[in-house]
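# A closer look at the structure
What follows is the residue order along each chain.
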There are 2 protein chains.
Amino acid sequence: MIQAHLLHQISLFAPLSPETLEWLGQHTALHEYGKQEQVIGKNEPSTELLFLIKGRLLVMDVAQDGQEVGLHIIQPGDYFGELSAIDGLPRAASVRAMEPSVVGKLSRECFQQLMSMAPSVTRAMLDRFALVIRANNKRRVILSINNVQRRVAALLLSYSTPEAGGRKALVIRQLPTQHELAAMANTSRESVSRVLRSLMEQGLIVREGRALVIPDPSAMDRLIQNAQRGAEDSGK
Amino acid sequence: MIQAHLLHQISLFAPLSPETLEWLGQHTALHEYGKQEQVIGKNEPSTELLFLIKGRLLVMDVAQDGQEVGLHIIQPGDYFGELSAIDGLPRAASVRAMEPSVVGKLSRECFQQLMSMAPSVTRAMLDRFALVIRANNKRRVILSINNVQRRVAALLLSYSTPEAGGRKALVIRQLPTQHELAAMANTSRESVSRVLRSLMEQGLIVREGRALVIPDPSAMDRLIQNAQRGAEDSGK
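An unreviewed UniProt entry annotates chain A as CRP-like cAMP-binding protein of Gulbenkiania mobilis.

Shown next, in the form of structure tokens:
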């Protein structure tokens, strides 16, 4: 049982009517997790829809060497676990609490009922899934590049957005950690570190505080294009 | 304008009421395509939902070397183009007619209206997207294997299903072409051909007509697991 004002803070539930929020509150359970505690385990058969009321969670994947790698952070107001809540299959990733956290859980049955009551929830699911599929497609193209420097360069380009002020430069405002970049580019953190250094020396990327600027995107493009022709010139 | 009995053959529309099919027929346009003609171009801004009434279509992606690679075949009764119809963004892949084909097109606006009228259509979209995301996840794990023989082995395993009769063997009833396997495993057709030969010589796979049998799945697993520990032992 959760109070409606808590549910209202979850982006997915914000458009719901007071009656639906009331119903939802009656069907939702609250769980508390300590720091480092596991919320979801990859391949686990649970199927609830989850949402974060308080705290911070880390979505983890298992890298090639068996090490867990943080993929992204779940902030209060976000929902997660929707894939299993839709298709009933085991969890696709692990989630762990980065700090003491409060998580709401809605059973798959109630979630399906909610979707039939609230088209905005279904719409949000479709939009989220489309976003995930687009991101996967982008990533697949990047992973098909056989050279780690050019692969990381393509990844950086994919994260960048036009800089304010109409300059041709692109900027990555929230640069992922080297661990995250390594997981996305399917390489080691050491390789990412080496590539970032090399790209900086070539003037292709410039650090500005927490942001990273790509002053000449077409030069980055040329670097990446060479890779797709040259192929196996330096492996991963 | 399409007659309801034609629409009824499309799996997505089969559960619809006669009234909804009637409405749908009034909002659908028929297009004919000659052999080799392009139905959709990757990155094109079109956003209709499409479905195949007659013929056969090939979904294509652009490989690393710029060559187009067939990814999968669309059969009569299938729908496609749903990603752009949901999110309004450009096409994620190209589609070409393999033989003279008849395609139905529903505008994005009508498709959205259809989803609000027919929950079964929305449900089918969610299920399709979940399937695509699961397949992408599986593929990402496979692509993270740094050795082409083990990567292709993992791909074959992912395509296989238990054989009838309770034997421990797995079988791939519809083996994809070597081109398709190459595109999925991010390698060349020549490498796929070489790996298949080698796996056959090792007795790990056995050809049986159009099907491929994996007589000892745990032996295949061991081969793949070694790769994930050994990592860069033979490149791609």
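### Some details on the sheet that holds strand S11 (residues 206-208) of chain B
Residue and element names in this part refer to chain B. Pairing is antiparallel across the open sheet formed by four strands, whose spatial order is S9-S10-S12-S11. Looking at which strands have only one partner, the edges of the open sheet turn out to be strand S9 (161-162) and S11. Bridge count for strand S10 (residues 170-172) against strand S12 (residues 211-214) is three bridges, and the pairing is antiparallel. Its bridge partner lying in S12, Ile 172 is registered against Leu 212. Relative to the sheet, helix H6 (residues 148-159) contacts S9, S10 and S12, its axis offset from that of S10 by approximately 95°.

### Details of empty space enclosed by the protein
A probe as big as a water molecule, rolled over the atoms, marks out the empty space that is left. With the rule as written, the count across this model stands at two cavities of 30 Å³ or more. Counted as a void, the largest cavity has a volume near 130 Å³. Lining of the largest cavity is provided by Asn 136, Asn 137, Arg 139, Arg 140 and Leu 143 of chain A together with Asn 136, Asn 137, Arg 139, Arg 140 and Leu 143 of chain B. Elements that contribute at least two residues to the lining of the largest cavity include exactly helix H5 (119-143) of chain A together with helix H5 (119-143) of chain B. Taken together, the residues of the lining of the largest cavity sort by class into two nonpolar, four polar and four charged.

### Considerations on the environment of Glu 22 of chain A
Within the fold, Glu 22 of chain A resides in helix H2 (residues 18-26). Each C-alpha atom of the pair Glu 22 of chain A and Leu 204 of chain A lies 53 Å from the other, and the pair is 182 residues apart in sequence.

### So, the pattern of salt bridges
Across all of its chains, the model carries 14 salt bridges over all chains by this definition. For the salt bridge of Arg 128 of chain A with Glu 82 of chain A, the shortest nitrogen-to-oxygen distance reads 3.2 Å. Of this pair, Arg 128 of chain A sits in helix H5 while Glu 82 of chain A sits in helix H3 (residues 82-87), and the two are 46 residues apart along the sequence. Residue classification places Glu 82 of chain A among the buried residues on the basis of a relative accessible area of 10%. With its nearest N and O atoms 3.8 Å apart, the salt bridge here joins Arg 189 of chain B to Glu 190 of chain B. With a relative accessible area of 31%, Arg 189 of chain B lands in the partly exposed category.

### Quick look at the sheet that holds strand S1 (residues 28-33) of chain A
Strands pair in a sheet through their backbones, by hydrogen bonds, and they do so in one of two ways: parallel or antiparallel. Residues and elements named next belong to chain A. Sheet architecture is open: four strands sit in the order S1-S8-S3-S6, paired in antiparallel fashion. If you trace the sheet from one side to the other, it starts and ends with S1 and strand S6 (79-80), each paired once. When strand S3 (residues 49-54) meets strand S8 (residues 101-106), the two strands line up antiparallel, connected through five bridges. The residue of S8 that forms the bridge with Leu 49 is Leu 106.

### Examining the relation of the copies chain B and chain A
Least-squares fitting of chain B to chain A yields an RMSD of 0.2 Å, with the transformation described by 0.1 Å of translation along the axis and a rotation of 180°. Seen this way, the second copy is the image of the first under a two-fold rotation axis. A share of 97% of interface residues in chain B that are also interface residues in chain A marks the association as one of identical surfaces.

### Quick notes on the interface of chain B and chain A
Taken together, the contact between chain B and chain A spans 36 residues of the former and 36 residues of the latter. Both sides of the chain B and chain A interface together cover about 3300 Å² of buried area, and 50% of this is carbon and sulfur. Inspection of the region where chain B meets chain A yields two salt bridges. Among the salt bridges present, the one from Arg 134 of chain A reaches Asp 87 of chain B, with a minimum N-O distance of 2.8 Å. Counting across the interface, chain B meets chain A through twelve residue pairs in polar contact (both at pLDDT 80 or more). When residues of the side of chain B that touches chain A are assigned to their parent elements, the largest contribution, 16 residues, is made by H5 of chain B.

### Overview of the domain arrangement of chain A
All names here are of chain A. Each assigned domain of chain A is listed here: domain 1 (4-139) and domain 2 (144-230). Taken together, the contact pairs six residues of domain 1 with six residues of domain 2. Between domain 1 and domain 2 lies a buried interface of about 580 Å² when both sides are counted; carbon and sulfur atoms form 54% of it. At the boundary of domain 1 with domain 2, the tally comes to zero salt bridges. Among the elements of the structure, strand S5 (68-74) and H5 are those that each provide at least two residues to the side of domain 1 that touches domain 2. The element that contributes the greatest number of residues to the side of domain 1 that touches domain 2 is S5, accounting for three residues. Within the side of domain 1 that touches domain 2, the residues separate by chemical class into two nonpolar, two polar and two charged.

### Some details on the side chain of Thr 28 of chain B
With respect to the secondary-structure elements, Thr 28 of chain B resides in strand S1 (residues 28-33). There is a polar contact of 2.7 Å between the side chain of Thr 28 of chain B and the backbone oxygen of Leu 24 of chain B.

### Overview of the packing of aromatic side chains
Residue and element names in this part refer to chain A. Enumeration over the complete set of coordinates arrives at two aromatic pairs over all chains. Seen from their ring centres, Phe 13 and Phe 51 are 5.0 Å apart, and the 90° between their planes marks the pair as edge-to-face. Pair noted here: Phe 13 is in the loop between helix H1 (4-7) and H2 and Phe 51 is in strand S3, with a separation of 38 residues, a long-range link. Relative accessible area serves as the criterion here: at 0%, Phe 13 is assigned to the buried category. The ring of Tyr 79 is capped by Arg 128, whose NZ or CZ atom sits 3.8 Å from the centre of that ring.

### Quick notes on the environment of Lys 35 of chain A
All names here are of chain A. The topology assignment puts Lys 35 in the loop between S1 and strand S2 (38-40). Judged by its relative accessible area of 59%, Lys 35 falls in the exposed class. In this structure the C-alpha to C-alpha distance between Lys 35 and Leu 58, which are 23 residues apart in sequence, comes to 11 Å. Excluding its chain neighbours within four sequence positions, the residues that come into contact with Lys 35 are Ala 97, Met 98, Glu 99 and Pro 100.

What counts and what doesn't
- Sequence order as written defines the numbering, with residues in each chain counted from 1.
- Chains and ligands are labelled by the order in which they are written, letters from A for the one and numbers from 1 for the other.
- Side-chain atom pairs in this predicted model are given and counted only at pLDDT of 80 or more, local residue features only at pLDDT of at least 70, and totals for whole chains, interfaces and linings cover all residues.
- The basis for every side-chain value is the complete set of heavy atoms in the structure, and neither hydrogens nor water enter the calculation.
- At least two DSSP bridges between two strands are required for those strands to pair.
- The way it works is that DSSP assigns letters per residue, a run of H or I at least four long becomes a helix, a run of E at least two long becomes a strand, and they are numbered from the N terminus.
- Only heavy atoms matter for contacts: two residues are in contact if any of them lie within 4.5 Å across the pair.
- Angles shown run from 0 to 180 degrees and are taken between the N-to-C directions of axes, each axis being a line fitted to C-alpha atoms and, for helices, limited to the stretch in contact.
- Space inside and on the surface of the protein is sampled on a 1 Å grid over the protein atoms alone, with a cavity defined as a set of points where a 1.4 Å probe fits but cannot get out and a pocket as an open set with protein on both sides within 12 Å along at least 5 of 7 lines; lining residues have an atom within 4 Å of a point.
- Grid points are joined across faces, edges and corners, and a volume is the space filled by probe spheres set on the points.
- Following the grouping adopted for this structure description, the nonpolar residues are Ala, Val, Leu, Ile, Met, Phe, Trp, Tyr, Cys and Pro, the charged ones are Asp, Glu, Lys and Arg, and the polar ones are all others, Gly among them.
- Should a side-chain nitrogen of Lys or Arg be within 4 Å of a carboxyl oxygen of Asp or Glu, the pair is scored as a salt bridge.
- For every residue, the accessible area (1.4 Å probe, protein chains only) is compared with the maximum for its type, and the residue is labelled buried under 20%, exposed over 50%, or partly exposed between those bounds.
- Superposition of the copies used a least-squares fit over C-alpha atoms from residues whose pLDDT is at least 70 in both.
- Once two parts are joined, some of their accessible surface, as seen by a 1.4 Å probe, is lost; buried area is that loss totalled over both.
- In protein, a polar contact requires one atom able to donate a hydrogen and another able to accept it; more generally it is a pair of N or O atoms within 3.5 Å, and residues adjacent in sequence count only if both atoms are side-chain atoms.
- All the domain ranges listed were derived from an automatic or database domain assignment.
- Between 30 and 60 degrees the pair is tilted, below 30 it is stacked and above 60 it is edge-to-face, where a pair is any two Phe, Tyr or Trp rings, Trp via its six-membered ring, whose centres lie within 6.5 Å.
- Each ring is checked for a lysine NZ or an arginine CZ that lies within 6 Å of its centre and within 35 degrees of its normal; such an atom marks a charge sitting over the ring.

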